[in-house]
Amino acid sequence: VLAGLQLSEAMAHRPEVFPSDYRAILAAGEAGGRIGPVLKQISELLTRRLEIRNKITSALIYPIILILMSLLSIVVILFVLIPNISPIFVDAGLPLPGILSVFEAAQNDWLTVLLTTSLCGVAALLLAGKVKRNPAIMQSVDRLTCSIPIIGQLIQNRDAGRFARALGTLLAAGVPMMSATQTGRALVNNRHLNVLYESAIKRIPEGTPLHRAFGSDNLLPPSSLRLIAVGEETGQLGPMLIQVAAAIEADLQRRIERMVGLLTPVLTLVIGGGIGGLIMQVMTAILSINNLAFQ
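What you see is a predicted model, and the numbers here were worked out from it, not measured in a lab.

**A closer look at the nonpolar core**
Membership of the largest hydrophobic core comes to 29 residues, with the highest contact counts inside it found for Y197, L210, F214 and L220. Looking at this core, the elements that each hand over two or more residues are α7 (149-172), α9 (191-202), α10 (210-213), α11 (222-234) and α12 (237-294). For this core, the element with the highest residue contribution is α7, accounting for seven residues. Those residues in contact with F214, other than ones at most four positions away along the chain, are F163, Y197, A200, I201, I204, L219, L220 and L225.

**Some remarks on the side chain of E249**
Mapped onto the fold, E249 is located in helix α12. Taking relative accessible area as the criterion, E249 reaches 12% and is therefore assigned buried. Leaving out residues up to four positions away in the same chain, E249 has contacts with L45, R48, G161 and R165.

**Regarding α9**
Compared with the 16 Å implied by 1.5 Å per residue over twelve residues, the 17 Å span of α9 between its first and last C-alpha is a close match. H192, L193, N194, Y197, A200 and I201 are the residues of α9 that are buried. The elements touched by buried residues of α9 are α6 (135-147), α7, α8 (177-185) and α10. At the N-terminal end of α9, a side-chain oxygen is found 3.1 Å from the backbone nitrogen of H192, two or three residues along, and the residue is N190.

How each quantity is defined
- Per-chain numbering applies: the sequence of each chain, read as written, is numbered from 1 onward.
- Totals for whole chains, interfaces and linings use every residue, but because this is a predicted model, local features are given only for residues with pLDDT of at least 70 and side-chain atom pairs only at 80 or more, for both listing and counting.
- The basis for every side-chain value is the complete set of non-hydrogen atoms in the structure, without hydrogens or water.
- Residues grouped as a nonpolar core are buried Ala, Val, Leu, Ile, Met, Phe, Trp, Tyr and Cys residues, joined through side-chain atoms within 4.5 Å.
- Residue burial is assigned from relative accessible area. The probe radius is 1.4 Å, only protein chains are included, and a residue is buried under 20% of its type maximum, exposed over 50%, and partly exposed in between.
- Counting from the N terminus, the helices are DSSP H or I runs at least four residues long and the strands are E runs at least two residues long.
- Should any heavy atoms of two residues lie within 4.5 Å, those residues are counted as being in contact.
- Expected helix span is given by 1.5 Å per residue-to-residue step, counting one fewer step than there are residues.
- Under this definition, polar contacts are N or O atom pairs within 3.5 Å; protein pairs additionally need one hydrogen-donor-capable and one acceptor-capable atom, and for neighbouring residues in sequence, both atoms have to be side-chain atoms.

This is the structure:
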């Protein structure tokens, strides 16, 4: 900054600290001479994201403890219980029942299992790197992600909130419509949605109102489109878009909170069912030792 750069330009040298949406919003405020209000908007946005992150972290503490305890149980079964009961079945000429035989095979050939797992991991990383360098494949992946019932709606709301907030801030700062829409579109991370936003923006120079241009592909919620229409009619499109962004972000936060609230019981049931099934296999093996004693 002391060397003559704008604050947003200086932040661009540290993208790991200042994400692109923060910088774009700040650049809009700098263009219109409204840095103070824009920084206040960024602080409110940071507060909401921090609240969501803290809630997710708090909700995941119990499932993480449950996963660690389940892994500890598997280690005890694999390295303590199986070596003690497997000689009984070997002497009787019988294999271990159920999944315990798989664990025994993995324990005996642990080096092969480790090498195979490592090779598969390296191959997966190489494949993922190749896929990321292919824009067509990544766009298809993003399209598939958007089609997932719950996750897709969260992604769409996230990008819609970013676009609406950046566009509203830019228009309130006096930036021309087309330049503002292109800057807002740059904040849409999902490639599939980015293409749809680009198609909607191309309809604006043809005379299509903003709420109709973005209503054809359901890029924005219907209630947000109605508010945008009111903003266009009253000449308050910039402030109205900021209100739309706040509403979309609040709805996104509620959806994430509900999703996180359901995550804990679902993980508990899944992990509990898996450990319960494993314990049943162990009990079956222990009880079958009595049958071997009578044979």
